[in-house]
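Per-entry structural report
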Amino acid sequence: MRRVPRHSHYVPLGELWRELTSWYSWQPDATFEKVPIRLQPPPGKRLLVIDATDTGELVSWAGIPHRLGSESRRLTGERNAPEKSNPECTQAFTYPFAIAIHDDRGKSLNALAQVKPGYARAEHRQEYSLQGFPMFLGRSFFNYRRIVSTAAGDVFESMPAPGDITLINWNRGNDWGWMNPSLVLTDEQLAKSGQLQNWLGGLSLDALKNGEKHALLFAEWLLEKQSDLDLPLTYLTGANSPMGTVSGLSMIPYFREGRRILGRQAYGQTQFMMREADLGVEPGTKRRDFSATAIARVHYSIDIHGCRYRNWEPSQEATSAALDEYDVQPTPIPLESLIPQGVDNLLIGGKSLAVSHIVNAVTRTHYSEWSIGAAAGATAGWLLKHAPANLSPAEIVPQHQIVPLQQYLTNQGLRPQ
Ligand SMILES: Cc1cc2nc3c(=O)[nH]c(=O)nc-3n(C[C@H](O)[C@H](O)[C@H](O)COP(=O)(O)OP(=O)(O)OC[C@H]3O[C@@H](n4cnc5c(N)ncnc54)[C@H](O)[C@@H]3O)c2cc1C
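Residues numbered from 1 in each chain as written. Predicted model: local features only at pLDDT ≥ 70, side-chain atom pairs only at ≥ 80, totals over all residues.

**With respect to the site of the ligand**
Quick note on the threshold: The rule is simple: place the C-beta atom from the backbone, and if it lies within 6 Å of a molecule or strand, the residue is near it. Secondary structure elements follow DSSP: runs of H or I no shorter than four residues count as helices, runs of E no shorter than two count as strands, and numbering proceeds from the N terminus. Residue classes follow a fixed rule: Ala, Val, Leu, Ile, Met, Phe, Trp, Tyr, Cys and Pro count as nonpolar, while Asp, Glu, Lys and Arg count as charged, and any other residue, Gly among them, counts as polar. How far each domain reaches was decided by an automatic or database domain assignment.
The local shell around the ligand holds 15 residues, among which Asp54, Tyr254, Thr365, His366 and Glu369 are the closest. Broken down by element, the shell around the ligand gets its largest block of residues, five residues, from helix H10 (residues 366-385). In the shell around the ligand, the residues fall into five nonpolar, seven polar and three charged. Residue contributions to the shell around the ligand reach at least three from each of two domains, namely domain 2 (49-86 + 257-411) and domain 3 (93-235).

Okay, structure coming up:
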């Protein structure tokens, strides 16, 4: 469904929990015309589909075998996996927003004071902290993600000046990892929610709403506690603000984790999935060698933004897996991690590939997702244009076509090895 705003001056609300129902509805409304889109191959040609959504939405909607949340040590054999699996425990999600050094005479702070959260303000506020970083000086909170710098100087270190803008994406700030309720609905929750009939992304609107309020209250806390007489802070909203929304929040949050497919039989597993040991983080342990079928290479920290319950019941988060990028080896991504079970014309092009909850903490980031997406796109192009007729993704390895594919990826400027 394509939504076409009726008015040229349309500005998204930036309240996803409120907007989502209309986004998915086939019915036109006061804000949008709705144009149905049908995806189909040209006559006589076949269709290859890539799920590059940030939550693995097609995977869930189409009932493709997948995992959700954290997996137990018994299930994956990972040394830092928790005792029990918890499908509710996906990583925290974040609504970014922007603040500027500007004196708006308390206008944006007054507006933020009107925000009414579901949980008490004080409960949200307990979570906020600059974690020991100065607000403005040197390697500061403001400079961490400064996006507009009006004065000359090192953007990472120089003192911010009036007119400067920073984007807020802060662990002890706008991250929302509470699982009361959790964000991505489990199969059971989906069945109860009615979303199998009226799909809303398979997400909890209440969780989205709580995440939004948490971000807005962090903005309020920042303006109230961190403004300086010489460096007053303004929360930016509206069409001309960096987020371009009425609320000042991003249209959708940073979903760090969604559904992750289970691959087919490969590398000694009946249901292939990359695991913690495949990141080369266990000294003395033999890492599986994926180079024979590698289509991309990724590298990042095991960066876990944890889940938790409001009352600190055991979350089953893999907290102890967190590791700096210097201790994680560059990791080949095998083709098998992009190929789901049960459907022959689908590839994964983002973070929903066959990885464990712990490995997702590496593959959920920019370089990884783009490398995986580029490899998925190029593989689809190669299958349609250069591969033996009607070869499916799952047949590439058994039909000894992986070397020509890797060669093609290299010719495209990608790095399969
Ligand atoms: C605030 C923030 C900070 C970040 N910081 C870092 C960082 O420091 N380092 C780093 O490496 N990475 C970081 N990232 C992550 C990085 O931005 C992502 O990994 C990267 O942008 C992913 O790109 P992508 O194109 O694969 O997916 P995305 O950019 O997530 O795109 C997915 C697209 O799918 C669309 N979509 C979803 N559902 C549907 C549907 N049903 N139908 C049609 N379309 C749909 C979405 O609208 C979206 O456009 C950060 C992200 C954010 C938001």
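From this point on, the discussion continues.
**As for the environment of Gly118**
Formally: Note that contacts rest on C-beta atoms placed from the backbone: two residues are in contact if these are within 7 Å.
Inspection of the secondary structure assignment puts Gly118 in the loop between helix H4 (107-113) and helix H5 (121-125). Considered as a pair, Gly118 and Asn345 are 227 residues apart in the sequence and their alpha carbons are 43 Å apart. Contacts of Gly118, omitting those with residues within four sequence positions, involve Lys209, Asn210 and Lys213.

**Describing the sheet that holds strand E10 (residues 233-235)**
The condition is simple: Should DSSP find at least two bridges between two strands, the strands are regarded as paired. Between N-to-C directions, angles cover 0 to 180 degrees, with each direction set by a line fitted to C-alpha atoms, over the stretch in contact for helices.
Taken together, four strands build an open sheet; the order of strands is E7-E8-E6-E10 and the sheet is antiparallel. Only two strands of the sheet have a single partner each, and these edge strands are strand E7 (146-148) and E10. Going from strand to strand, the sheet's axes swing by 35 degrees on average, the running direction of each strand aside. For strand E6 (residues 97-101) and E10, the ladder comprises three bridges, and the chain directions are antiparallel. Looking across to E10, one finds that Ile101 is bridged to Leu233. Together, E6 and E10 form the strand contacts of helix H8 (residues 205-226), whose direction differs from that of E10 by roughly 165 degrees.

**A closer look at unusual backbone geometry**
What you tend to see is this: most non-glycine residues have negative phi, and most peptide bonds are trans. Operational definition: Put simply, a residue is buried when 20 or more other C-beta atoms lie within 10 Å of its own C-beta and exposed when 12 or fewer do; between those, it is partly exposed, and each C-beta is set from the backbone.
Here the bond from Asn180 into Pro181 is cis, since omega is 0 degrees, no more than 30 degrees from zero. Its location among the elements puts Pro181 in the loop between strand E9 (175-176) and helix H7 (187-193). Phi angles above zero are rare outside glycine, and Gln316 is one such case at about 65 degrees. Inspection of the secondary structure assignment puts Gln316 in the loop between strand E12 (294-298) and strand E13 (331-334). Note on Gln316: 22 C-beta atoms within 10 Å, which makes it buried.

**Section: the pairing of strand E8 (residues 165-168)**
Bridge count between E6 and E8: four bridges; the pairing is antiparallel. What sits directly across from Ala98, in E8, is Leu167. Across two bridges, the pairing between E7 and E8 is antiparallel. Paired with Val148 across the bridge in E8 is Ile165.

**Some details on the domain arrangement of the protein**
If you check the domain split of the protein, you get domain 1 (2-34), domain 2 (49-86 + 257-411) and domain 3 (93-235). A straight line from the C-alpha centre of domain 1 to that of domain 3 covers 24 Å. Contacts between domain 1 and domain 3 engage six residues on the former and seven residues on the latter.

**Thoughts on the packing of H10 against helix H11 (residues 402-411)**
To describe two helices that pack against each other, one gives the angle between their axes and the distance between the axes. Heads up, the rule is: When an angle is under 35 degrees it counts as roughly parallel; over 145 it counts as roughly antiparallel; between 65 and 115 it counts as roughly perpendicular; any other value is oblique. Whether a crossing is left-handed or right-handed is set by the direction in which the near helix is turned from the far one by less than a right angle, anticlockwise for left-handed and clockwise for right-handed.
At their nearest, the axes of H10 and H11 sit 10 Å apart, and the two run at 120 degrees to each other. Between H10 and H11, the crossing angle belongs to the class labelled oblique. Between H10 and H11 lies a crossing of right-handed hand. Each of Ala375, Ala378, Thr379 and Trp382 in H10 lies in contact with H11, whose residues at this interface are Leu405, Tyr408 and Leu409. Classifying every residue of the contact of H10 with H11 by side-chain character gives six nonpolar, one polar and no charged.

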